[in-house]
Amino acid sequence: MASMDAPIVGTYRTVRFRAGPVDAIASDVDLLIVGMPVLSATSRIDPGACALDAALSGTLSQLRAGGLFDGRFGETMILSSPPPPVRCRSLMIVGMGEIDDLDAERLGRLAAVAMRAALRLDSCSIACLLRLLDPAATKVAQRAAARAMMAGVLTALDAYLSPGPTPGRFAGLNWTFDQPDSAADVLGTIIAQWPAAPR
C-alpha cells in the first residue's frame, strides 16, 4: 500500500497523520524513515529494512559493516535519491540501539528525532516504519509504542514550530505511521487529547 492511501487518524497543526501498512519499496514519499539496531542485532532487523537493503543491493549492510552507521540509539543517516526500484526521494535510517533496550519510551524519542529531521528537510510526505522489533510483542505493547511515538512527534512539532499559525510550507504535510490496526486508534486519541498548541 502507498502510504498516502492509508486512512487519516487525525490532524494537528495542519499535519495529517495516517496509519496503515507501508511498502518500504513502493511508497512514493519525500522521506521514508526506517529503524536499524546495532550490528550485533542484525538477525532482528525490521522486514522493511531488509527489503530496502535487498532493493539497494546491500547498501545498508555495507554502511553498517564499514562502520559508517553503527545503529547507536538516536544515530541518523540520510540517503538522498535512492535508485529504483525504491521510490522515496530520501531515506532516513535511525539507529535503534540494542533491541533488548527498545521500549515504548525509547521509540517515542526516536519518533521525535525523525519528525525534527523531516521538518528541517521540508518534507511534505513522510512514511515512518519505526516500531517494536519483537515479533512476539503483544497488542498492549504495540499500542503503548504507538502512543509514545505519536506523543514524540507532536512534542517535536510544538518545539520546532513557534506558537501561532503554522508556516505555510508545512501546510498539507502528511505523516504515515506503519502501524497494525490494533494500534491505529491510539494515534487519533493522542491527537484529540493533545493540549500543547492550537490546531
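Keep in mind the model is a prediction, meaning the values are calculated, not measured.

Chemist: What am I meant to see in the sheet that holds strand β4 (residues 76–80) here?
Modeler: In a beta sheet, neighbouring strands pair by backbone hydrogen bonds and run either parallel or antiparallel. In space, the 7 strands of this open sheet follow the order β1-β2-β7-β6-β3-β5-β4, with mixed pairing throughout. Unpaired on one side and paired on the other, β1 (8–12) and β4 mark the two borders of the sheet. Across the sheet, the mean angle separating the axes of adjacent strands is 20 degrees when strand polarity is ignored. Running at roughly 105 degrees to strand β3 (residues 31–37), helix α1 (residues 47–55) makes contact with β3 and β5 (90–97) of the sheet.

Chemist: Would you mind going over the pattern of salt bridges with me for this structure?
Modeler: Two side chains that carry opposite charge are able to pair once their charged atoms sit near each other. For the structure on display, the rule yields 10 salt bridges. R72 serves as the salt-bridge partner of E75, at 3.9 Å between the closest nitrogen and oxygen. Salt-bridge contacts for R109 lead to E105; the nearest nitrogen and oxygen are separated by 3.5 Å. One end of the pair is R109 and the other is E105, both in helix α3 (residues 104–120) and 4 residues apart, which spans about a single turn. A relative accessible area of 42% places R109 in the partly exposed class. Accessibility expressed as a relative area gives 46% for E105, which makes it partly exposed. Here the salt bridges share partners, and the residues they tie into one network are D28, D30, R87 and R89.

Chemist: Sorry if this is basic, but what is going on with helix α4 (residues 139–160) here?
Modeler: Residue pairs three or four apart in sequence face the same way in an α-helix, which turns once every 3.6 residues. Look at α4: 31 Å from first C-alpha to last across 22 residues, which is about the 32 Å you get at 1.5 Å a residue. Buried within α4 we find A145, A146, A148, M149, M150, G152, V153, L154, A156, L157 and D158. Where the residues of α4 are buried, they touch β1, β2 (15–19), α3, β7 (174–177) and α5 (181–193).

Chemist: Can you help me understand the nonpolar core in this one?
Modeler: Soluble globular proteins tend to bury their nonpolar side chains together. Counting residues in each nonpolar core, the largest one holds 43 residues, and the members touching the most others are F17, I33, L154 and W175. Those elements giving two or more residues to this core turn out to be β2, β3, β5, α3, β6 (125–128), α4, β7 and α5. Per-element tally for this core: the top contributor is α3, with 9 residues. The residues touching I33, leaving out its near neighbours within four places in the chain, are M92, V94, A114, I126, A127, C128, L129, L130 and W175. Membership of the second largest hydrophobic core comes to 21 residues, among which are A24, M36, F69 and L129.

Chemist: What is the right way to read the side chain of D53 from this model?
Modeler: Secondary-structure assignment places D53 in helix α1. Setting aside residues no more than four positions away along its own chain, D53 makes contact with G58, T59, L60 and S61.

Chemist: Even after reading the chapter, I still don't get the pairing of β1, so can you show me in this structure?
Modeler: Taken residue by residue, a regular strand's side chains alternate between the two faces of the sheet. The sheet contact formed by β1 and β2 spans 4 bridges and is antiparallel. Bridged to I8 within β2 is R18. In sequence, β1 turns back onto β2 through a hairpin of 2 residues, with R13 there showing a positive phi of about 50 degrees.

Chemist: Please explain the packing of aromatic side chains as it appears in this structure.
Modeler: For any two aromatic rings, the description comes down to two numbers: the centre-to-centre distance and the angle of the planes. As enumerated under the stated definition, the model contains 2 aromatic pairs in all. Each ring, one from F17 and one from F177, has its centre 6.4 Å from the other, and the planes form 20 degrees; the classification is stacked. Taken together, the residues F17 in strand β2 and F177 in strand β7 connect sequence positions 160 residues apart. An aromatic cluster of at least three residues, connected via ring pairs, comprises F17, W175 and F177. Over the face of the ring belonging to F73 we find R106, whose NZ or CZ atom lies 3.8 Å from the ring centre.

Rules behind the numbers
- Residues numbered from 1 in each chain as written.
- Predicted model: local features only at pLDDT ≥ 70, side-chain atom pairs only at ≥ 80, totals over all residues.
- Heavy atoms only, no water.
- Pairing = 2+ DSSP bridges.
- Helix = DSSP H or I, 4+ residues; strand = E, 2+ residues; numbered from the N terminus.
- Axes fitted to C-alpha atoms, helices over the stretch in contact; angles between N-to-C directions.
- Contact = heavy atoms within 4.5 Å.
- Salt bridge = Lys/Arg side-chain N within 4 Å of Asp/Glu carboxyl O.
- Buried < 20%, exposed > 50% of the residue type's maximum accessible area, 1.4 Å probe, protein only.
- Expected span 1.5 Å × (residues − 1).
- Core = buried A, V, L, I, M, F, W, Y, C linked by side-chain atoms within 4.5 Å.
- Phe/Tyr/Trp six-rings, centres within 6.5 Å; stacked < 30°, edge-to-face > 60°.
- Lys NZ or Arg CZ within 6 Å of the ring centre and 35° of its normal.

Treat this as a map of the structure, not an account of what it does.
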